[in-house]
There are 6 protein chains.
Amino acid sequence: MRPAIGPGTTEYEWMTWPEIAAAAAADAPVVIAVGSTEQHGPHLPVSADWVIPQTLLRLAAAKRPFVVGPALRLGYRSRPASGGGQQFPGTLSLRATTFIAMIEDLLDELIRTGFRRIMLYNWHFENTNFVYEPAYLVSGRSPGVKIVVVENAMPEFGDADLDVLFPDGFPGLALEHAAVIETSLFEYLRPATVRMDRIVDDAPARNVPWDVLPIDESMSTATGVLASATQASAAKGELLTKRIVDHIVSILDAEFEPIERDAMLLTADRDS
Amino acid sequence: MRPAIGPGTTEYEWMTWPEIAAAAAADAPVVIAVGSTEQHGPHLPVSADWVIPQTLLRLAAAKRPFVVGPALRLGYRSRPASGGGQQFPGTLSLRATTFIAMIEDLLDELIRTGFRRIMLYNWHFENTNFVYEPAYLVSGRSPGVKIVVVENAMPEFGDADLDVLFPDGFPGLALEHAAVIETSLFEYLRPATVRMDRIVDDAPARNVPWDVLPIDESMSTATGVLASATQASAAKGELLTKRIVDHIVSILDAEFEPIERDAMLLTADRDS
Amino acid sequence: MRPAIGPGTTEYEWMTWPEIAAAAAADAPVVIAVGSTEQHGPHLPVSADWVIPQTLLRLAAAKRPFVVGPALRLGYRSRPASGGGQQFPGTLSLRATTFIAMIEDLLDELIRTGFRRIMLYNWHFENTNFVYEPAYLVSGRSPGVKIVVVENAMPEFGDADLDVLFPDGFPGLALEHAAVIETSLFEYLRPATVRMDRIVDDAPARNVPWDVLPIDESMSTATGVLASATQASAAKGELLTKRIVDHIVSILDAEFEPIERDAMLLTADRDS
Amino acid sequence: MRPAIGPGTTEYEWMTWPEIAAAAAADAPVVIAVGSTEQHGPHLPVSADWVIPQTLLRLAAAKRPFVVGPALRLGYRSRPASGGGQQFPGTLSLRATTFIAMIEDLLDELIRTGFRRIMLYNWHFENTNFVYEPAYLVSGRSPGVKIVVVENAMPEFGDADLDVLFPDGFPGLALEHAAVIETSLFEYLRPATVRMDRIVDDAPARNVPWDVLPIDESMSTATGVLASATQASAAKGELLTKRIVDHIVSILDAEFEPIERDAMLLTADRDS
Amino acid sequence: MRPAIGPGTTEYEWMTWPEIAAAAAADAPVVIAVGSTEQHGPHLPVSADWVIPQTLLRLAAAKRPFVVGPALRLGYRSRPASGGGQQFPGTLSLRATTFIAMIEDLLDELIRTGFRRIMLYNWHFENTNFVYEPAYLVSGRSPGVKIVVVENAMPEFGDADLDVLFPDGFPGLALEHAAVIETSLFEYLRPATVRMDRIVDDAPARNVPWDVLPIDESMSTATGVLASATQASAAKGELLTKRIVDHIVSILDAEFEPIERDAMLLTADRDS
Amino acid sequence: MRPAIGPGTTEYEWMTWPEIAAAAAADAPVVIAVGSTEQHGPHLPVSADWVIPQTLLRLAAAKRPFVVGPALRLGYRSRPASGGGQQFPGTLSLRATTFIAMIEDLLDELIRTGFRRIMLYNWHFENTNFVYEPAYLVSGRSPGVKIVVVENAMPEFGDADLDVLFPDGFPGLALEHAAVIETSLFEYLRPATVRMDRIVDDAPARNVPWDVLPIDESMSTATGVLASATQASAAKGELLTKRIVDHIVSILDAEFEPIERDAMLLTADRDS
C-alpha cells in the first residue's frame, strides 16, 4: 500500500495539484465521503460519520485505484430517531440549502479539475435526498461526467452475518446510531478514540415512524445512543469493515471501467 | 500536553458530545481554522491552507485552554495574484454565497451548543470579508456571544525576523503563496508531506494591483508558486511557528477572559 | 357525513375564511397531503400522488374532526427506482429549494391563520427529508405550535394483509410505484380515472440500491410501472384504504388531543 | 365534449404520461391557471381565485384544443385594496421569491415534457409582474418555446355589458373582489359552494391609491368583500362566463397556430 | 429654500451622518424615489425614471419637511408595452430577487438609522408589486415603523388638465413612456438634457393587454417612444410638476403627522 | 471637454439609448464606480465613497475615451477600522448577497447592451472581494468580454508625494477614512459640500488587525473620522486628483486597446 501522505498518495487532501491533475487525466474515479458532525453517544467522537466512511474508503482504495476525495464533515440536521436530533450539543448541522450548495460547488470544481467519474458515498442517514439534488443539478450541466450517488452506505447483510453481529436479533438499521455497527467499526478502526468506559445501551422511550416538532425528546435518548452499544466489539468491526469495503468495491466495479493504478499517478511518483 | 484524540482531548472533532458540552458550559473559547483546498505548487498538498492553521491552533491550545474547532476545508475562489487562480486543477472553491452560508450555519450551531466565545482564524487570503459577513449576521441574532474575526492570520514581523526569513529582502505578503512562509511551515510541521525535490522558485510575469477576467494567466505562474520557495527551511518554519502561535495567543488574551483548563474538561477526563 | 363542499365542509379549499378561522380557533388540526405530479404508468393519471392521500384524508376526516388542507400538487424530483425518474414526460417536479420554500410559506400562513396543530402527510417517496426541513425551520419560530411530519405514508402491513395483497410474495415498498398498491387504491377510490386496458406488469432491468446520473434508464422502465400492476384490484384497494385510514387516525390520536367536531364549525354551519 | 377525467381528457392532472406526451408532441398549447388561496368574503370559498379560472379554461378547452394545465393554487400576498390583505385568516400566500421559483420550475418541466406553447392565465391581481419574471427567466433559456403571459384575466367589457352587470354604475375593477363579478361567476359555475345567506355589500372606509404597512385595515373591510356582492346573479355569471371564455379563445387564436383536436390525443383515446 | 448641498440640506446623499441622525431623531419622514435605468427614446436620458421623481421630491421638500432619500437608480426589467422592453440597449435592469433584496436592505438600514416614517415613491411602472414585497417583509420585523408604498406615482388628472395635456384625447397612461408626460417634465425640469431635435411620435404596431416571450417587438417600437412625444412642452411640464408635487404633498399630509422643519435640522444648521 | 449632460456626453446616466448603443458598438470601455453610502465624519456627506470615484472618472474621461457608467451608491457593510462600522446612523449598507447580485445584474445588462470592455473601479474598502465574485460569475458566461476589477482604488504614492500629503508621517491607508485623502479630495473637487467648521482629528482608542462582534466601538471613533482630517487641504486634493486620475488612465491603457473618441459618439453628436 502506498503511503497515506507524501508522494504516491491518492488521498486528495495530501496530493499536490499536479498529482491530482494526473489522476483526473487518467480518468481515475474520485469518491467523496459525505458525513456529518453529530453526537455519537458518550463514547464516540462527533466526527464518527465522516471518519468511518473516509477510513473505509482508504481501505477500498487499496483494492481499486481511485482518489479518496476530501470528506464532507458537515451534514444535514440530525433527526431524533436516526441521529438523536438537533437538541444535542456538539452536533453541527447545515441547513438543507447550504448542504446542497456545498456539494454542488464541490462537484463543479471536481469536474473543472478534470474528473469525469465521481461517487458520493454517504454515511449520514439524514443526508438522504439532499445528496441527490446537487448531483442532479451538476449532472445536467456536465456532459460526459458520470456521478454515482450512494445514499445508503451499507450492504445488505446476509443471515450468517446478522447472526454474528446481532445474536439477539437484528433491531433494524433505523436505530443503529452510535450502536453496534458504528461502535464496532471504531473499536476496530480507531480504538484509541473510543471511550470504552462510557459505552452504554439505550433506547428511545417512544419509537414511531413519524417525526414531531418541536422535537419530542422521548423519541431520542438522553445519551445519544439509540440502541445497544455494549454488544459492539472489534471483531464485529473487522467483519463489518470487510463487508462494507467489499460493497464499495462492488459499486465501483459495477459503475466504472477499471483503470491501471499506475496510470493515475504522476510520472515522478510512478517511478519512485 | 493532553492526547490529541481520546479522553481529555480538546479537539472538537475528536471529542464526544458530553465533552463538548462541558467545555461550552465552562465558557471555553472555540477557535475555527478557516482555510481552503487550493493548489500550493508542485511540492505542497492542496490542503495547506487548513492544515497549517489547524496545526498552529493545536500548538496554541497547549498554551491556552480552548477548543480547536473543526477546520473549514473549503474556501472562496482562488485569485491569481494571491493563490494562483481558479484555472488550476485541484483547487476546490466555494461560491461566495455557499461559503458565507456554511460559516453562518457553523456559528449558529456552535452557539446552540453553548459556546459564547468564538474566534474565526482565517489563513486563506481570498476569504477576507466573506468571513466577516456570516459573523456579522449571526452576531446580530446572538446576544451574549462574542465573535472575534481574524481575517489576517499573520502577525507583523519585526525587522530581525524579516532579516532571517527574507535575507534578500521581503517581497511582501501578497505573493507569499506556496513560497517561503508556507513551505517553511510545512518543512517544520509536516515534513513528510513536502515533495522536497519539486520545490521551485517562480514569479508571475505580470504583477499589477488589479484583476482581469477571464483570468490573465501571466498574473499567476505555471507552477502555482508565486515567489521563491527554495529559500524555505525547517528552521524558518520553527521561527514562524513560534511567532504565529504567540500571535494567536495574544489575540485570545486580548479578547477573552482566561478560564482554567480543567474547568473545560468533563469530570471524567479531568480525573483521568 | 357533512357535504364535501358548501356549508359545513371541513375541506380547506371549499371553506370560507370565517369557517377556517372558526376551525383554527377551536384548535382543530389541519392535515396537508404532500404529493407530486409524476408519471404513474400508462393507466393512472399523473396526479396520483396527491389524489390518493387527499382522498384518504377525506375519509379519515369522517372519523376524526380535522381540516383537510390544500394538497400540495408539486413535489420533489422523481427518481428512477422509486418514481420512474425525471426522464419521463408529464412529471412536473420542483427543485429542492423551491419545494422547501413552498412548504415553509404554507406552514407560516397556516400558523398566522391560527392553527396550532399541523400534520404533513407525505405520499411521494422522493419528498422525504425535504418535508422535514421546512417544518423544522417554521417550528423554530413558532412557539406553541406542534407539527407532525409523516414522511412515510404507509402503515406496517401485517402478514395476513400481505398474503392478500401480494399472494406471490411482497416485493417491498421500494418498487411499489404505479403498481399493486396505487392501482388498487385508484380502482377502489377513483375507478373512472383508471385506464384498465393499459395496465401492465413491468420491472426495471437493473435494480441496485444507488443512483446514477445522468439517469441510467435501465434502473427504471419504459412504461413507468416499476412492478406488477395487473395484480391490483378494487378489493385490494378497499383493504388498503381501510388500513391506511386507520393509520392516519392512529397518528392523529397519538399526537393531538381530541376536539369536538361541532366546536370546529362556524356557528351558522353548526346550526344548519 | 370529452369526459373531464378518464381516457380522452385534456386536463393535465387527469391525463396519463403517454397522453401528455402525445399532446406535447402534437404541439398542443398548455394553459396554466395562476390563482391564489385567499379570503373571498363570508360567502365564497378561499379557492375562488383558482377555481374560477380553471373552470373557465375547461370551458374554453371545449372550443379550442389545448391542455388545461394544473392550476397554481397558491399565489402572492393579498393586498388590502385588491384582495383584502394579509391580516385575514384563511389566506395562504407565498413569498415573492417562492412564487417566482415555483412558476419557473413548472415552466421548465412543461418544456422538458415537450410543450412549446405555454400560456399563463392569471386571475389573482396581486400576482401581477411576479408571473412575468419566471416566464422571462425560462424563456431566455428555452429556444423554440413561446410563452404568453396574461396577467390581466378580464376582457374589456363593452358599455352594453356594463349596463347589465353594473346597472348602478361600474365602480372599476379595483374593488371587484368577492363582489359582483366573482360571486356571479360562482353562482353560475359552482352554485353549491356559495353561502347565499351570507352574501353582503361592503366597502373600505378608506380608498386611496397607495398602500400602508403595517396594514391599515380601514383600507380593507371586516367581511373581506370590497364592494357590493348582493347585486350578483347567476345570469350575470353566465354573461361573464361567455365574455371571458371568448376572451381566452381570442388570445389563443391570436398567439398560437391552430392544431387539430385529434392530433393531440393518444391514438388509443382517439379511437375510443 | 435651503441649499441643495452643504449645511442645511435635507437631501440624504449630501447630508453628513450627524445631520441624518438629527433628522431621524426628529421623526422626519424619509422618501425614496424608486426608479430605473431604462431607454426613454432618442431624446431623453436613460436615467429619466429616477431623475424625474427625485426632482419632484426636491420640489415637494420645499413644501413639507422631509428627507429626500437616495434615489434607487436600477429597477425591475422593462416590458414592451410599458417601457419598451428588455431588447433595448442601454436599459439596465435587475432581476426581481435582486431588486427586492436591495429595497429590503435599504429599508432595514433606514430603520437602523432611526427613521420611523418611510415612503417609497415609485416612478417605474414595472416595479409595481416588487416594491411592496420588501416593504412587507421589513414592516413585519420593524414595530413602530410606518412604510407608505406609492407604486403609482401619478395623481388622477381632472378633465380640465387632460384637455390641456392631451387636446387630441388621452390615450391612457399605459403607453405614456417617453411621451407627453415624461418629455414635458424634462423640458420643464431638465431642459438641457433633452435632445429636442430627436423627439418623435411613435406607437406600437400591436397593442394587446398581454405579454409574449420571447419579446414580440411589434408590441414595442423601434424608437422606444410608445406614443406621441412631439406634443410635449415645457408648459405642460410645469402643469404636471405642480399637480404631481401637490399629489406627493397630499400623501405626506394624509399619512404622517407634520413636524417642524427646524426640528429636523442639526443645531448647527438651524442656527446658520 | 464635451458637456457633462446633453448631446455628446459620455456619462451613461445622461446618455440616450442610441448614444449608449453607439458607444458599445464602437467597443468603448465602460467604467463603473463602486462605492457606498457611509458615514464620513461630521464634515463630509455620506455619499463620499461614490461621489469621489465618479468625479475622478469624469476627469479621466477627458483624457481617454470611455463611458462613465452609473455609480453604485450602495456598498457592503462598513467595518470599524476602515469605515467606522455599522453602528453609525446614516450608513446604508447592503448584505453581501444583495451587493453581489446587484453587480452581477449590472454586468449582465451592460454586456447585453453590447459592451465588451468593462472596468469596476471600487473606492469602498469593505467591498473588496465582493466585487470580484460577480465579475467572476458573469465572466464565466460571457465569452468575448473582458472585465477589469480594480478593488484598490489608489496608486502607490511616491515618497515625494507622501512628504507633501503627510508631512508628519504616513499612518497607512487603513485609517484614511474621512481623513486627509478624502477630505482633501472633497475640498478640491466639491468644496461647497464640506462642512469646514466641523472638521476634526480623531483616532480609534484601539487599533488591532482583527474585528470583534458585536462591534467594539473603541475600534472606531465617536466622530467617524479615523485619523487626522484637519491636515487636509484643497492643494493636497489637487495633487491626489492628478495622481489618481493618472492611475486610472494607466490601468485603461494597460488593459484596453485605445479607440478614437469620435467613434464612440452617435453620428448626430459627432457632427454637432
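As a reminder, the structure under discussion sits directly above these lines.
All of the points below concern the structure found in this document. (Residues numbered from 1 in each chain as written. Chains lettered and ligands numbered in written order. Predicted model: local features only at pLDDT ≥ 70, side-chain atom pairs only at ≥ 80, totals over all residues. Heavy atoms only, no water.)

### Here we look at the interface of chain D and chain C
A common way to express how large an interface is: the accessible area buried when the components associate. Across the contact, 61 residues belong to chain D and 61 residues belong to chain C. In total, about 4600 Å² of surface goes out of reach between chain D and chain C, with carbon and sulfur atoms giving 60% of it. On the chain D side of the interface with chain C, the three residues burying the most area are Trp14(D), Trp17(D) and Arg195(D), jointly 16% of the side's total. Linking chain D to chain C there are ten salt bridges. The partner of Glu104(C) in a salt bridge is Arg95(D), with the nearest N and O atoms 3.4 Å apart. On inspection of chain D and its partner chain C, the count reaches 38 residue pairs in polar contact (both at pLDDT 80 or more). Looking at which element gives the most residues to the side of chain D that touches chain C, the answer is helix H4 (residues 96-113) of chain D, with ten residues. Considered class by class, the residues forming the side of chain D that touches chain C number 30 nonpolar, 19 polar and twelve charged. (Contact = heavy atoms within 4.5 Å. Buried area = accessible area lost by both parts, 1.4 Å probe. Salt bridge = Lys/Arg side-chain N within 4 Å of Asp/Glu carboxyl O. Polar contact = N/O pair within 3.5 Å; in protein donor to acceptor, adjacent residues only side chain to side chain. Helix = DSSP H or I, 4+ residues; strand = E, 2+ residues; numbered from the N terminus. Nonpolar A, V, L, I, M, F, W, Y, C, P; charged D, E, K, R; others polar.)

### Overview of the relation of the copies chain F and chain E
Rotating chain F by 180 degrees and translating it 0.0 Å along the rotation axis places it on chain E, where the RMSD comes to 0.0 Å. Look at the turn and shift together and you get a two-fold axis relating the two. Identified as the residue of chain F closest to the rotation axis by C-alpha distance is Thr98(F), at 3.1 Å. Counting the interface residues of chain F, we find that 100% of their copies in chain E are interface residues as well, pointing to one common contact surface. (Least-squares fit on C-alpha atoms with pLDDT ≥ 70 in both.)

### Some thoughts on the interface of chain F and chain E
With 61 residues of chain F at the contact, the number on the chain E side is 61 residues. Here chain F is connected to chain E by ten salt bridges. For the salt bridge of Asp269(F) with Arg198(E), the shortest nitrogen-to-oxygen distance reads 2.5 Å. The tally of links between chain F and chain E comes to 38 residue pairs in polar contact (both at pLDDT 80 or more). Elements that contribute at least two residues to the side of chain F that touches chain E include exactly helix H1 (17-25), helix H2 (48-60), strand S4 (93-94), helix H4 (96-113) and helix H9 (267-271) of chain F. For the side of chain F that touches chain E, the leading source of residues is H4(F), giving ten residues. Across the side of chain F that touches chain E, the residue classes tally to 30 nonpolar, 19 polar and twelve charged.

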